[in-house]
Amino acid sequence: MPIKKSPMINTSGAISSSYEKILRLHFQNLRQKRSDKSKPPFSITNEFILRFNQTKNPKEKEELLDLARKHILRCKRKLGLKTLGTGKHVNLPTAWTDVIYLAQCKGAIQDEALNMLYASVDHVSFDNGLLPALFFVAESVLYRLCCDAFLKTYLYSVEIKLSKICYLVFLRIFIYFLHGHLESFKQHLLRLQPYLYALSFSGESYYKYPNIFSNVQFVLKTMEIIYERELLSGSIFSPVENKKRHKNINSDMEHLQFNQEGYEIKHLLWHCVAAWTCVQNNSPQLNKVLEHVICHKAQLQKKCWLDSVLALLVLGEAAKFNMACLKTLMDLMRDFLLSITSVQKEEESCKVDDFSWAWNVVYLYTTILAEICLYAATSNLRKTVFVGFCECKSSQKDILPMDKPEQPELRETSILGLLNYFSSKMSDNCEEVTWIGYYGLVYNLVKMSWELRGDEEQDGLRNLIWQTLQKTKDYEKDERIHNAVNIAKAELNDPTDPFTSYSTKVSSNVGDEVFSKYIGWRIASTLSKLFFPSTDASRHPLKKTLIKQDQMKYLNKKQDSMKKRVLHFTVREHPSVSEFLMFPYPDFFTKRDEELARIIDYHWQKELKIRQKEEAICETEERKDKQLEGKNHFREIMKRRQEKLQKQTKPYELPPRTEVISLEKKMPPPRPPKIDSYMLGKFSSN
């Protein structure tokens, strides 16, 4: 329907045209003021960043710092740091852009902005709409690393934080790649190529710092796989099996298939996701799934270590809730380390595989152990990760043996077990796996000690960590291991000594995250929905369809045979969606809520006892006051009675015996009774 505009009418009455023009100008000024109020009062620009970094005027610096802090608060609200990135007030693309700009400001603003970005990328859910902003963050962080950090002669804490953010960002991009969402982002991938090429030459700079170098190697390996599939072949993740390469495949894996052009995941990763799903759904098939995981342990030794890392990450998430999963995880790593050492000894044969990449798996395994030790659901799990399954207490008494045996034995792959193993094999010419694994353990122990500050319930664990670090500091003479302590302190921006500040209480902020707490759960949940799709379950925010219609027909044909298999993860076994425990990893918020409720209950009981004592004291005092009032009232009555009656006895009280006798003496004797004459005559007649 066409819209007709009514002609202009002079509603102001009979006024002059000049006055009418003045009114119109006034109305225009009012509209401009209203529109200006709707705009944000402050926005980050290049001029602001230059002024912030170059100003020397203290007053101007304070004003700019105040503006930056106000914008930090706005960004925290837009990021939804306290709500895991959910809520009407959350706007992640805008907030990520603002935080990237704020990270260019030097000093405390830069550190706080990077901490906020790291926490947000860690806990945010997988949403297909966040991919453009995620590529913007990836390009910005790579630019800072390649064009700024490489030019400096010394290592800065900013590089450590940027590498950690890089790891999380490209880990998310790889999960999107598995879902097939990178087809329309080839231009974004091409824009990253120059930075990745420059990043590939960073080995000489970061080789001494495995915490950074492992993140760099992960980024390069991830993008190598993505470029090979997306830019050259252009294929997506799809379930078509390659039967020629895998003839002896378990019947449980028949519905997970790959074509020749797609990316083929390892069976180890698939079974680890299945184990996590069993733990979440309390499935009785968990033990059988873990047996299949052990059967595919040889896949951990393949050169394509990216799937191995993902498998350990997902199995580590399951180990935070289940002891059997933790046992399987530690057995996998023990077999992996023993196989590496046995292969390295076989230098005679020419067919020995190259395990130069193995240190990446070992280092990331040390990080997974640290996260389980901090955020496991029960204290028994946390203790087992640190001490191990061995019942003997020798590992607790002698944390680091003073005498290095010639042929050390790897009993367990717990934190203390690996410390004993790596420390006994340390030398100037030791293997990369040895010193990098030792470096990762000490580096993560320092961060764990910092993370547990102020937590009274974890004092025992923190004291054990402190003792371990103290013995390592006194015993180990290798500079690379001492360097791990200094790098961890630099990352934490903590000038205090972790070996002496064990009693310091620190208020933890939401944005100051040391470990990634939620990315493992997010990845496990997303891969579980990808590998085990169900119609009744709630769909993940990844809105793009993952399987074509013809492939869905193939899966429907296999539906009857899938019911007879060992693994049952679909909603057919669980008709209600509420039975799926798809809640976030509870070790931060729910655990803190439980602790807060426990503290409130304790103080409430204590206050209740105090109130009962106070009420008892008040009752006794009131009783005493009433008795005192009764005595005073009785004294007043006695005084009045004495004044009126001149008697000192109490009312209704008999006088003493002496007074009665004196009164009887004073009284006259009684007279005999008079007898009538008539009565005397009558008696006489008788």
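Predicted, not measured: the structure shown is a model, and the values here were computed from it. (Residues numbered from 1 in each chain as written. Predicted model: local features only at pLDDT ≥ 70, side-chain atom pairs only at ≥ 80, totals over all residues. Heavy atoms only, no water.)

Draft legend 1. A look at the overall build of the chain. In terms of helices and strands, the chain carries 27 helices and 0 strands. Looking at the chain as a whole, 45% of its 686 residues are labelled buried. Pairs at least 24 residues apart make up 75% of the contacts formed inside the chain by residues separated by at least 6 positions. Summed over all atoms, the accessible surface of the chain reaches about 39700 Å², with 53% contributed by carbon and sulfur. (Helix = DSSP H or I, 4+ residues; strand = E, 2+ residues; numbered from the N terminus. Buried < 20%, exposed > 50% of the residue type's maximum accessible area, 1.4 Å probe, protein only. Contact = heavy atoms within 4.5 Å. Areas by Shrake-Rupley, 256 points an atom, 1.4 Å probe, with all protein chains shown as cover.)

Draft legend 2. Layout of the packing of helix H3 (residues 58–79) against helix H4 (residues 92–102). Running from N to C, H3 and H4 cross one another at 150°; their axes reach a closest spacing of 9 Å. Considered as vectors, H3 and H4 are oriented roughly antiparallel to each other. Between H3 and H4 lies a crossing whose hand is left-handed. Listed contacts from H4 to Ala 68, His 71, Ile 72, Cys 75, Lys 78 and Leu 79 of H3 are Leu 92, Thr 94, Ala 95, Trp 96, Asp 98, Val 99 and Leu 102. Taken together, the residues that form the contact of H3 with H4 break down as 9 nonpolar, 2 polar and 2 charged. (Axes fitted to C-alpha atoms, helices over the stretch in contact; angles between N-to-C directions. Parallel < 35°, antiparallel > 145°, perpendicular 65-115°, else oblique. Left-handed = near helix turned anticlockwise from the far one by under 90°. Nonpolar A, V, L, I, M, F, W, Y, C, P; charged D, E, K, R; others polar.)

Draft legend 3. Spotlight on the pattern of salt bridges. Going through the model one piece at a time under the given rule, you end up with 15 salt bridges. The partner of Lys 161 in a salt bridge is Asp 111, with the nearest N and O atoms 3.6 Å apart. You can see Lys 161 sitting in helix H7 (residues 157–179) and its partner Asp 111 sitting in helix H5 (residues 108–123), a full 50 residues away along the chain. Overall, Lys 161 belongs to the buried group, its relative accessible area being 7%. (Salt bridge = Lys/Arg side-chain N within 4 Å of Asp/Glu carboxyl O.)

Draft legend 4. Structural view of unusual backbone geometry. Look at Leu 84: it is not a glycine, yet its phi comes out positive at around 55°. Turning to its location among the elements, Leu 84 is positioned in the loop between H3 and H4. On the basis of relative accessibility, which here comes to 12%, the residue Leu 84 falls in the buried class. The phi angle at Asn 282 is positive, at roughly 55°, despite the residue not being glycine. Within the secondary structure layout, Asn 282 lies in the loop between helix H11 (267–281) and helix H12 (286–295). Owing to a relative accessible area of 60%, Asn 282 belongs among the exposed residues under this scheme.

Draft legend 5. Fine view of the nonpolar core. Within the largest apolar cluster, 176 residues are counted, with the highest numbers of intra-cluster contacts made by Trp 96, Phe 386, Ile 415 and Leu 527. Ranked by residue count, the leading element in this core is H7, at 16 residues. If sequence neighbours within four positions are ignored, Phe 386 has contacts with Cys 373, Ser 414, Ile 415, Leu 416, Leu 445, Leu 461, Leu 464, Ile 465 and Thr 468. (Core = buried A, V, L, I, M, F, W, Y, C linked by side-chain atoms within 4.5 Å.)

Draft legend 6. Quick look at H4. Along H4, the positions that sit buried rather than exposed are Leu 92, Ala 95, Trp 96, Asp 98, Val 99, Ile 100 and Leu 102. Packed against the buried residues of H4 are H3, H5 and helix H6 (131–149).

Draft legend 7. How the structure looks around the environment of Leu 178. Here Leu 178 lies in helix H7. Between the alpha carbons of Leu 178 and Ile 226 there is a distance of 9.4 Å; along the sequence they are 48 residues apart.

Draft legend 8. Summary view of H12. Of the positions making up H12, those classed as buried are Leu 286, Val 289, Leu 290, His 292 and Val 293. Within H12, the buried residues cover an arc of 155° as seen down the axis, which keeps them to one side. Exposed and oriented more than 90 degrees from the buried face of H12 are Glu 291 and Cys 295. (Arc of directions from axis to C-beta.)

Draft legend 9. Seen up close, the side chain of Arg 462. With respect to the element layout, Arg 462 can be found in helix H20 (residues 459–475). Asp 459 provides the closest opposite charge to the buried, salt-bridge-free Arg 462, at an N-O distance of 6.6 Å. Reaching out from Arg 462, the side chain makes a polar contact with the backbone oxygen of Ser 449 at a distance of 2.8 Å. (Lys, Arg positive; Asp, Glu negative; His and termini not counted. Polar contact = N/O pair within 3.5 Å; in protein donor to acceptor, adjacent residues only side chain to side chain.)

Draft legend 10. Molecular detail of the packing of aromatic side chains. Counted according to the given criterion, the structure contains 16 aromatic pairs. Summarising the aromatic geometry, the rings of Tyr 207 and Trp 435 are spaced 6.0 Å apart at their centres and angled 70° between planes, so their arrangement reads as edge-to-face. Linking Tyr 207 in the loop between helix H9 (203–206) and helix H10 (210–233) with Trp 435 in helix H19 (residues 432–451), this pair joins segments that are 228 residues apart in sequence. Ring geometry for Trp 435 against Tyr 439: centres 6.3 Å apart, planes inclined by 85°, an arrangement best described as edge-to-face. Placement of both Trp 435 and Tyr 439 in helix H19 is noted, with a separation of 4 residues, approximately one turn of the helix. Each residue in the set Tyr 207, Phe 213, Trp 359, Trp 435, Tyr 439 and Tyr 443 is aromatic and connected to the rest through ring pairs, giving one cluster. Sitting over the ring of Phe 389, Lys 327 keeps its end group 5.9 Å from the ring centre. Here Lys 447 stacks its cationic end above the ring of Phe 515, 4.6 Å away from the centre of that ring. (Phe/Tyr/Trp six-rings, centres within 6.5 Å; stacked < 30°, edge-to-face > 60°. Lys NZ or Arg CZ within 6 Å of the ring centre and 35° of its normal.)

Draft legend 11. Broad picture of a negative patch on the surface. On the surface, Glu 614, Glu 615, Glu 619, Glu 621, Glu 622, Asp 625 and Glu 629 cluster together into a patch of negative charge. Take Glu 621: it is sitting in helix H25 (residues 589–645). A residue is classified by how much of its surface remains accessible, and Glu 621, at 44% relative accessible area, is partly exposed. (Patch = residues over 30% accessible without salt bridge, like charges linked within 9 Å, V, L, I, M, F, W, Y side chains within 5 Å. Charge placed at Lys NZ, Arg CZ, Asp CG, Glu CD.)

Draft legend 12. Expanded view of the packing of helix H18 (residues 415–425) against H19. Following both chains from N to C, one finds H18 and H19 inclined at 135°, their axes separated by 9 Å at the closest point. Between H18 and H19, the crossing angle belongs to the class labelled oblique. Regarding H18 and H19, the two cross each other, and that crossing is left-handed. Residue-level contacts link Ile 415, Leu 418, Leu 419, Phe 422, Ser 423 and Lys 425 of H18 to Val 433, Thr 434, Gly 437, Tyr 438, Leu 441, Leu 445 and Met 448 of H19. In the contact of H18 with H19, the residues fall into 9 nonpolar, 3 polar and 1 charged.

Draft legend 13. Region of the structure containing the environment of Glu 409. Within the secondary structure, Glu 409 is located in the loop between helix H17 (394–397) and H18. According to the relative accessible area criterion, Glu 409 is exposed, its value standing at 64%. It is 9.2 Å that separates the C-alpha atoms of Glu 409 and Asn 420, two residues lying 11 residues apart in sequence.

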